[in-house]
Amino acid sequence: MTAASAGADLVQVALPVPLRQLFDYRVPAGTMVPEPGCRVRVPFGRRTLTGVVLARTARSDLPPERLKNLAAIVDRQPLLAPADLAMLTWIADYYLHPVGEVCAAALPVLLRGDKPPREAEDRRWHLTTAGRERLAAGAGRAPLQFRLLAALAENDAGLDAAALRLLSPRWRTALDALVRDDCVAMAPLPEAYRGLREDPPAATPGQAEAIAAIGQSHGFRCHLVHGITGSGKTEIYLRCIERVLAQGRQCLVLVPEIALTPQLESRFRNRFDAVIDVLHSGLTETQRLQAWQRAAGGRSAVVIGTRSAVFVPLARPGLVILDEEHDPSYKQQEGFRYHARDVAIKRASLAGIPVVLGSATPSLESYHNALQGRFQLTQLHERPTRAGLPAVHLLDLAHLPVEHGISRPLRDAIGACRARGEQSLLFLNRRGFAPAIYCPACGWLAHCPRCDARLTWHRAADRLRCHHCGHVGSRPRQCPQCGEPEVISLGQGTENIHDTLQQLFPGAVIERIDRDTTRRRGELEQRLTRVHAGEAEILVGTQMLSKGHDFPGVTLVGIVDCDQLLFSADFRASERLFQLVTQVAGRCGRAERPGTVLIQTRFPQSPWLQPVIRHDYAAFADMALAERQAADYPPYTHLALLRAEAAGRNVALAFLEAMHRLAQELAVTTPSVEVMEPLPSLMEKRAGRYRAQLLVQSRQRAPLHQFLARWRGAIEASRRSRTVRWSLDVDPVDLY
Ligand code: ADP
Ligand code: ZN
Ligand code: ZN
């Protein structure tokens, strides 16, 4: 058998199947060869699938008799440009993820099928002088044309396809006839960027330095802007964007959570007279497609979006910005486990443009890169408004009177804050009423039947809920183990703190913001509006409150419990603690009045709390980096985690033991790669399945990836891999 070759027109296609290779197909004689980036329909087994052409080629490793013909070509114009395809291929290799699934993730849902792209619906039509004359002449033989003319006459800005379709399903034919007669013309599309709407404030020296550094980078450069909360990072982004837009290029702005960034969006809209698209979960699929087409067609100036927006193609990319770069939500935790920050950096490097990472609490990975000179660092230590940072104090729970989780000084501070007519915010990262239900007689604890976890009591709903698998049960009236007539609750969640505060401050208006109180659409916005209007005196909430939103009226922040983070198994816990306290503290005291932050802890001597009190990121980072280096953790090493789960106990572990033996054989040629022993996961049972994991570590990236590619191939080929659900996570963020 000889390989197919010479002369034959072949294409390599990425298909949405869980296999990592490309598939070769023959282009039938007489058919034009589709360009890379076009979708095609191909026979695959007994099905026909839609995939994306990644390359043309003249030869295939397949014997000619096994090469099949393309069934159809979907797109005449490529949907994805060569630079986008290069990025997607790199991502697939880096994360060892099937390239077809990566391509699918990069396309809007409406382009994942086999429908040709719909006409860009932001095109509008308007009446011409001839059209007005025909309208004035009255209805003739074509009543639908007349209706279109009348409708267009009423809308000076013109009408788009969606509006015209409402007039009649046969609008298109009538419109075409009117266009042919010059009665109707397509309105010119708005320019992507038309100019500034307002004058920017004069930059502070720190801002000017960052703006100049970013503006001077020719080609790719990664900038890290480390500035305390409120130091003017967003203003730096706006100035850099302005320069890029003035050059006729586009900007991509990534944020961790869109629901909490209406403030950001309005700042962009106030500053720029431009086409700005915000990709958020409230968009319909059609709107999402339109925004995607505007970006890919170069018709939008700025695209703002969360994690997955990192894949949106831009016709003329000029700058990528990633705000709150430390935020863990940039890492996709299931399926295709990419990190949007790392993808953004790679994307900028392939496009030859600068990328700006901003944060008040940079990830240690990025900060380390800056110290090593790989990223250019700018630091802003002051707020342009001159507002000071809040004073941070520790409250020692072991030596203070405490009622239902609230210590006396915290209570007094809230009271004083109320008396001054100011707002306070209490932060507790635990929703529900109590994290445990307990029998005082025999020690029984309510456990989830499907997880190694306790059930949380939600009192308003009177339900016991598992926060890991969603299991819901009712609270036993008596102990199921010994019959003791009363079981009690232990510890506090936000619901409980809310209650306690209500008792301590009768008549106070308290707003609780957590996942339970914001389930319905629009509820979060309503609650935030009440807070901003000053109606709420006290806010209680989970980390939903720590992100992005500013509460200028808040002058007191209470952190009810930070001890979980001081004693977590997660090597990133101290980093999370610093980030969390800094971010929550940064929400308050933005106006003239200085803020205060009170942290309740049983361990006020912990060395990790000292830099928190002093707002000393550098001291924190020095300590944390030294610890990481001593323990061989990132950023000094690179990690990959093989996870497995199965319904039977020990099945996943047995699978990982087999994969561990395989790995040790393979790692012989890559001695810098260290393969750890497989272990049951910290929460071994979750949602009824038993879980285990195996960590691989290396000081060097290249040998790790060589090893991972071979190992993953061997895992896929092993029959055992079919007995479990498994995944390989490159650069895992959550290790537990
Ligand atoms: P960050 O993004 O670091 O939190 P912002 O860009 O939101 O900071 O700036 C904080 C506040 O300071 C905002 O109200 C902003 O309008 C204001 N501000 C930023 N830069 C300047 C400046 N150069 N002059 C005056 N006010 C500024
Ligand atoms: Zn009991
Ligand atoms: Zn559970």
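Parameters at a glance
- Residues numbered from 1 in each chain as written.
- Chains lettered and ligands numbered in written order.
- Predicted model: local features only at pLDDT ≥ 70, side-chain atom pairs only at ≥ 80, totals over all residues.
- Heavy atoms only, no water.
- Donors = N, O, S within 2.8 Å, 3.2 Å for Na, K, Ca; no water.
- Tetrahedral: all angles 85-135°; square planar, octahedral: opposite > 155°, others 65-115°.
- Helix = DSSP H or I, 4+ residues; strand = E, 2+ residues; numbered from the N terminus.
- Buried < 20%, exposed > 50% of the residue type's maximum accessible area, 1.4 Å probe, protein only.
- Phe/Tyr/Trp six-rings, centres within 6.5 Å; stacked < 30°, edge-to-face > 60°.
- Pairing = 2+ DSSP bridges.
- Axes fitted to C-alpha atoms, helices over the stretch in contact; angles between N-to-C directions.
- Contact = heavy atoms within 4.5 Å.
- Parallel < 35°, antiparallel > 145°, perpendicular 65-115°, else oblique.
- Nonpolar A, V, L, I, M, F, W, Y, C, P; charged D, E, K, R; others polar.
- pLDDT = per-residue confidence, 0-100.
- Near = heavy atom within 4 Å.
- Polar contact = N/O pair within 3.5 Å; in protein donor to acceptor, adjacent residues only side chain to side chain.
- Areas by Shrake-Rupley, 256 points an atom, 1.4 Å probe, with all protein chains shown as cover.

Reference geometry at the metal: tetrahedral coordination by four donors gives ideal angles of 109.5 degrees; octahedral coordination by six donors gives 90 or 180 degrees. Around the zinc ion (ligand 2), the donor atoms from the protein are Cys439 (SG), Cys442 (SG), Cys479 (SG) and Cys482 (SG), and they sit 2.2 to 2.4 Å away. In this structure, the zinc ion (ligand 2) is surrounded by four donor atoms whose angles at the metal cover 107 to 112°, and the resulting shape is tetrahedral. Here the donor residues for the zinc ion (ligand 2) map to a single chain with the spacing C-x2-C-x36-C-x2-C. Linking Cys442 in the loop between β23 (436-438) and β24 (456-458) with Cys482 in the loop between β26 (472-473) and β27 (488-490), this pair joins segments that are 40 residues apart in sequence. You can call Cys442 partly exposed: its relative accessible area is 33%. Look at Cys482 and you get partly exposed, because its relative accessible area is 42%.

Attention shifts here to the packing of aromatic side chains. For the coordinates displayed, the defined rule picks out 19 aromatic pairs. A network of ring pairs unites the aromatic residues Trp90, Tyr94, Tyr95, Phe311, Phe336 and Tyr338 as a single cluster.

So, about the sheet that holds strand β4 (residues 47-57). Taken in spatial order, the six strands line up as β5-β2-β1-β4-β3-β6 in an open sheet, and their pairing is mixed. Either end of the sheet is taken by a strand with one partner, and the two such strands are β5 (68-69) and β6 (72-73). Here strand β3 (residues 39-44) pairs with β6 via two bridges, running antiparallel. Within β6, the residue paired with Val40 across the bridge is Ile73.

Spatial ordering of the open sheet is given by β19-β31-β30-β22-β29-β28, a layout of six strands whose pairing is parallel. Two strands in the sheet have a free side with no partner beyond their single neighbour: β19 (391-396) and β28 (510-513). Here the average twist between neighbouring strands, direction ignored, is 20°. Examined bridge by bridge, strand β22 (residues 423-427) and strand β30 (residues 554-559) share five bridges and lie parallel to one another. Counterpart to Gln423 in the pairing with β30 is Val554. Packing against the sheet, helix α17 (residues 573-586) makes contact with β22, β30 and β31 (596-601), and its axis sits at approximately 160° to β22.

The subject of this paragraph is the coordination of the zinc ion (ligand 3). Looking at the metal site, the zinc ion (ligand 3) is ligated by Cys448 (SG), Cys451 (SG), Cys466 (SG) and Cys469 (SG), spaced 2.2 to 2.3 Å from it. Here the zinc ion (ligand 3) is ringed by four donor atoms whose angles at the metal span 103 to 115°, and the overall shape comes out tetrahedral. Donor residues for the zinc ion (ligand 3) sit on one chain with the sequence pattern C-x2-C-x14-C-x2-C. In this pair, Cys451 is assigned in the loop between β23 and β24 and Cys469 in the loop between β25 (463-465) and β26, connecting sequence segments 18 residues apart. Of the residues examined, Cys451 reaches a relative accessible area of 3% and is grouped as buried.

Our next topic: the pairing of strand β15 (residues 302-305). In regular strands, side chains alternate between the two faces of the sheet. With burial as the criterion, each face of β15 is covered, one bearing Val302 and Ile304 and the other bearing Val303 and Gly305. Across four bridges, strand β12 (residues 250-254) lies against β15 in parallel orientation. Looking at the pairing, Leu252 lines up with Val303 of β15. The pairing of strand β14 (residues 276-279) with β15 spans four bridges and is parallel. Note that in β15 the partner of Ile276 across the bridge is Val302.

Let us look at the packing of helix α12 (residues 364-371) against helix α19 (residues 617-631). Across the interface, α12 lies against α19 with an axial gap of 11 Å and an inter-helix angle of 95°. Taken together, α12 and α19 sit at an angle that is classed as roughly perpendicular. Counting all contacts with α12, which are made through Leu364, Glu365, Tyr367, His368 and Leu371, the residues of α19 involved are Tyr617, Ala618, Phe620, Ala621, Ala624, Leu625 and Arg628. Considering only residue class, the contact of α12 with α19 consists of nine nonpolar, one polar and two charged.

Detailed reading of the predicted coordinates is not advisable wherever pLDDT is low. Residues at a pLDDT of 70 or more form 97% of the protein chain, whose mean pLDDT is 91. Considering each helix and strand of the protein chain separately, the mean pLDDT is smallest for helix α16 (residues 563-566), with a value of 84, and largest for α12, with 98. Every residue in residues 1-6 is under pLDDT 50, and counting partners more than four places away or in other chains gives 18 contacts.

By nearness alone, 16 residues border ligand 1, and Ala202, Gln207, Lys233, Thr234 and Arg267 come closest of all. Ser231 has a polar backbone atom sitting 3.3 Å from an oxygen atom of ligand 1. Between ligand 1 and Lys233 there is a distance of 2.8 Å, counted from an oxygen atom to a side-chain nitrogen or oxygen. For ligand 1, whose accessible area on its own is 550 Å², the fraction buried by protein is 72%. Take the shell around ligand 1: its biggest share by element is three residues, from helix α8 (residues 233-246).

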